[in-house]
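Residue-level listing of the chains:
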Amino acid sequence: MDESRMELKVEATVVTRSEGTAPPPQDAAAPNKRPHEFWEDVIFSAVLALVVILVNGTFVGQEFSHFTYRVLQRQLVPRDNPQVAVVDISQLAVDEHRATPRGPLKNLLEALVEYRPRAIGIDIDFSPEERNGQLHFIEPDDPRFFAFCESLRERREVPIYLGISRTQSLPPDQWLGFARFQNLAAALLLPYDPIKSPRSLAPTGTGEKQTTAPTMSAAVAGTVQSGRLEIFFEKFAKRQIAEGIELEESFIDYSLRERLAEEYIHVSAHDFEDSAALKAAIAPQRSLISNKILLLGDIRGGSDLFENPVGGDAIPGVLVHALAANTLSTAPLYGFPEHTRLWLDFALALLVSLGATELENYYEDRRRLITVLTIGLVTAIICFGMLVNHTRILWDDFLFVALALAVHPFCHRTFEKLRHDLHVWLRPRKRGVA
């Protein structure tokens, strides 16, 4: 009798389910998917963070970081009062040796210091060149010009820096030929990454403390503004570019590029011929000189042109130095150290994954779930982009993280299917063993 009742119950159950009737809802106290779903999200987040770090070192990762940088860069609002100005010396006649004549440069420096600039940097390579194993000055009177700059610097209390390139990897006493001039030297390092400006280039692994020349932008900027916890953020990131060579660099704010390219101190070729005419030409432009950082160079660029990472025409080297100096002296841009970035990517991925899992449990319609997740991610991206101008923090892989998180529903569904298929595949074998 009891066996017949059990058979009837089984048949009823089979008939009911075959007719499409939903099974009865599980009791609240019944086991749910929360525990294993949580660990799935933890694993997914850890894998995502590692993938982001690994991909960042590839060409694809670098291109994605540059794209993110351009997106964030467009959110930066130009400052009302830039702290730098470019002095165009493209009209200065070049002699037969293609070296910039020192005499007109002396007159120009004397005219500029009258209006008390904060610092002056000259985007010209004054370093001696090596011939037959010895260093030779480009111009015979270079030592006298260096001595003039040193004297002017002491008399008028205006820091003056002379560019070096050929000798920047040599000991300090050879940067400008003599040890007494080493404080005038500033390296004209080329950007290895168009979105960042080098600060220094130093040998590593020697076990000895190395003295390296500061880059032009870092030298004229002087004391860098601070205000962030260095344990979480960094102004200068270090990376090894070759065996035994370490590069220290910082982000550049390009929001002032158009204004600096238009508002520069112009000196004509005629003005360079006479010191009185030069002073008369400089006087009307005193507002661009007083208490400003001045970079002297060719505003046209010539062969000294660099990629514009924001988009548009190439940028003259002197303008890159000016933008980097303005960024450091007014409002530096911050990035995340590698260890902070790893934990940030993991924490954000875990937070979004847990939220997505909860939404999956709440929304049965997958289209609605994807819509909600998309709206949430787009809102987060817009908010972060708007906050960049205030926080000055550039998280240059956040779009890549957002893209990875956007595929969370697909990844979760794929993982669930694989887990189910594996469970079905293993079930017959367990019965056979029993």
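Reading guide: rules and limits
- Residues numbered from 1 in each chain as written.
- Predicted model: local features only at pLDDT ≥ 70, side-chain atom pairs only at ≥ 80, totals over all residues.
- Heavy atoms only, no water.
- Core = buried A, V, L, I, M, F, W, Y, C linked by side-chain atoms within 4.5 Å.
- Buried < 20%, exposed > 50% of the residue type's maximum accessible area, 1.4 Å probe, protein only.
- Helix = DSSP H or I, 4+ residues; strand = E, 2+ residues; numbered from the N terminus.
- Contact = heavy atoms within 4.5 Å.
- Pairing = 2+ DSSP bridges.
- Axes fitted to C-alpha atoms, helices over the stretch in contact; angles between N-to-C directions.
- Salt bridge = Lys/Arg side-chain N within 4 Å of Asp/Glu carboxyl O.
- pLDDT = per-residue confidence, 0-100.
- Expected span 1.5 Å × (residues − 1).

## Regarding the nonpolar core
Judged by nonpolar contacts, the single largest core of 39 residues is most densely connected at Leu108, Leu162 and Leu296. Among the elements that take part in this core, helix α4 (residues 102–113) stands out by supplying 6 residues, more than any other. If we skip the residues at most four places from it in the chain, Leu108 touches Val87, Ile89, Val267, Phe272, Leu278, Ile282 and Leu296. Ranked by size, the runner-up nonpolar core spans 33 residues in total, among them Val86, Leu256, Ala325 and Leu333.

## A closer look at unusual backbone geometry
Backbone geometry at Arg116 places phi at a positive 55°, although glycine is not the residue there. Assignment of secondary structure puts Arg116 in the loop between α4 and β2 (119–122). The residue Glu157 is not glycine, and still its phi comes out positive at about 55°. Position of Glu157 among the secondary structure elements: in the loop between α5 (142–156) and β5 (160–164). The exposure class of Glu157 is exposed, given its relative accessible area of 64%.

## Regarding the sheet that holds strand β1 (residues 84–88)
Overall, parallel pairing links the 6 strands, which are arranged β6-β5-β2-β11-β1-β10 in an open sheet. For this open sheet the edge positions go to β6 (185–187) and β10 (265–266), each flanked by a neighbour on one side alone. Taken together, the 3 bridges between β2 and β5 define a ladder with parallel strand orientation. The residue of β5 that forms the bridge with Gly121 is Tyr161. With respect to the sheet, α5 is in contact with β2 and β5, its orientation differing from that of β5 by roughly 150°.

## A few points about the pattern of salt bridges
Under the defined criterion, the tally for this structure stands at 8 salt bridges. The closest approach of N and O atoms between Arg392 and Asp253, which form a salt bridge, is 3.1 Å. Of this pair, Arg392 sits in the loop between α11 (366–391) and α12 (398–406) while Asp253 is found in the loop between β9 (245–251) and α7 (257–262), placing the two residues 139 residues apart along the sequence. Taking relative accessible area as the criterion, Asp253 reaches 8% and is therefore assigned buried. Between Glu263 and Arg259 there is a salt bridge; the shortest N-O distance is 3.2 Å. Look at Arg259 and you get partly exposed, because its relative accessible area is 30%.

## Quick notes on the confidence of the model for the protein chain
Residues of the protein chain with pLDDT of at least 70 account for 65%, and the chain-wide mean is 75. Mean pLDDT across the elements of the protein chain ranges from a minimum in helix α1 (residues 2–18), with 45, to a maximum in β2, with 96. Scored below 50 in pLDDT, residues 6–33 makes 2 contacts in the model with residues more than four places away or belonging to other chains. Here residues 203–209 scores under 50 on pLDDT; set against residues more than four positions off or in separate chains, the count is 7 contacts.

## Observations concerning α5
With 15 residues, α5 extends 21 Å from end C-alpha to end C-alpha; this agrees with the ideal 21 Å at 1.5 Å per step. When α5 is considered as a whole, its buried residues turn out to be Asp142, Phe145, Phe146, Phe148, Cys149, Glu150 and Leu152. Tucked inside the fold, the buried residues of α5 contact α4, β2 and β5. Positive phi shows up at Glu157, right after α5, with a value of about 55°.

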